[in-house]
Every structure is written in structure tokens, then in C-alpha cells.
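So the chains spell out like this:
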Amino acid sequence: QVQLVESGGGLVQAGGSLRLSCAASGLAFSMGWFRQAPGKEREFVASITWRGETDYADSVRGRFTISRDNAKNTMYLQMNNLKPEDTGIYSCAANPLGNQRSPQWAYWGQGTQVTVSS
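What counts, and where the lines are drawn
Residues numbered from 1 in each chain as written. Predicted model: local features only at pLDDT ≥ 70, side-chain atom pairs only at ≥ 80, totals over all residues. Heavy atoms only, no water. Phe/Tyr/Trp six-rings, centres within 6.5 Å; stacked < 30°, edge-to-face > 60°. Helix = DSSP H or I, 4+ residues; strand = E, 2+ residues; numbered from the N terminus. Buried < 20%, exposed > 50% of the residue type's maximum accessible area, 1.4 Å probe, protein only. Lys NZ or Arg CZ within 6 Å of the ring centre and 35° of its normal. Pairing = 2+ DSSP bridges. Axes fitted to C-alpha atoms, helices over the stretch in contact; angles between N-to-C directions.

J.: Even after reading the chapter, I still don't get the packing of aromatic side chains, so can you show me in this structure?
T.: Remark: the centre distance and the inter-plane angle together describe each pair of aromatic rings, the angle taken between the planes. For the coordinates displayed, the defined rule picks out 3 aromatic pairs. With a centroid separation of 5.9 Å and an interplanar angle of 75°, the aromatic rings of Phe 34 and Trp 105 are classed as edge-to-face. Separated by 71 residues along the polypeptide, Phe 34 in strand β4 (residues 31-36) and Trp 105 in strand β10 (residues 105-108) bring together distant segments of the chain. Plain terms: the ring middles of Phe 34 and Trp 108 are 5.2 Å apart, the flat faces sit at 65° to each other, and that makes the pair edge-to-face. You can see Phe 34 sitting in strand β4 and its partner Trp 108 sitting in strand β10, a full 74 residues away along the chain. You can call Trp 108 partly exposed: its relative accessible area is 26%. Among the aromatic side chains, those forming a connected cluster through ring pairs are Phe 34, Phe 44, Trp 105 and Trp 108. In this arrangement the basic side chain of Arg 19 is found over the ring face of Tyr 76, its NZ or CZ atom lying 4.1 Å from the centre.

Written out as C-alpha cells, the structure reads:
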């Protein structure tokens, strides 16, 4: 069993930055971030394996950086040059059940709101 707790969301102006954290209790192999905007489906943002291999959605590549500290069992998402279309509930996930870009993961956090104003 893995429990995930996100933190770091908030309100920021376009062009600003935020850093999200996801603290895990239990053994988390690959971890990832997904987001869901109002009226839209949950979408993949980024993922990272235990060894630090990363993957990004095209919409965030070059602006967002995913990282993890295995000693602290914590994953991070540094978000720079934020855009209004980045607004949504950001959720962390652990231990994918298949393709890491699919929202089929074994464990989910409760989510944290990110709002980017224009």
C-alpha cells in the first residue's frame, strides 16, 4: 500500500513558477503527475522511474521538470513559464499498471489545485 500527499499548488500569474511535491509512504517505483482541467479528462503531464528516467507531455516539455529524491521518497514537479492552459487539479500517482502515459496507476494522491491567471 502506498499513500501519496501532494503540496505546493496555488494561484500564480502567467509566466510565473510553482513547485509541486508528492510525498510517498510505501514503495513507489515509477511515479507520475497528471492534471485535470474543468470539463476535461485527466491528462498525463510527466513521469519518472526509480532510476530517474523521465518522460514529458509535449505541452509541458521544456517548461516543467520532474525529479525525485528516493531517500526522502518524494517526487517534485518544477513548473516554469506557466500558462493559463496549465490550470487544473494536479495529482501524483505511483506504480503504473501499464503505459505510464495512461491514467491507469495503482495509487493516487488527493490532488492540488494550480490556477494560472492571464
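J.: Honestly, the sheet that holds strand β1 (residues 3-7) in this entry has me stumped. Any pointers?
T.: With antiparallel pairing, the 4 strands of this open sheet are ordered in space as β1-β3-β8-β7. Each edge of the open sheet carries a strand with a single partner, namely β1 and β7 (64-69). The mean angle between the axes of side-by-side strands here comes to 15°, regardless of whether they run parallel or antiparallel. Judged from the 6 bridges that link them, β7 and strand β8 (residues 74-79) form a sheet pairing that is antiparallel. Paired with Ser 67 across the bridge in β8 is Tyr 76.

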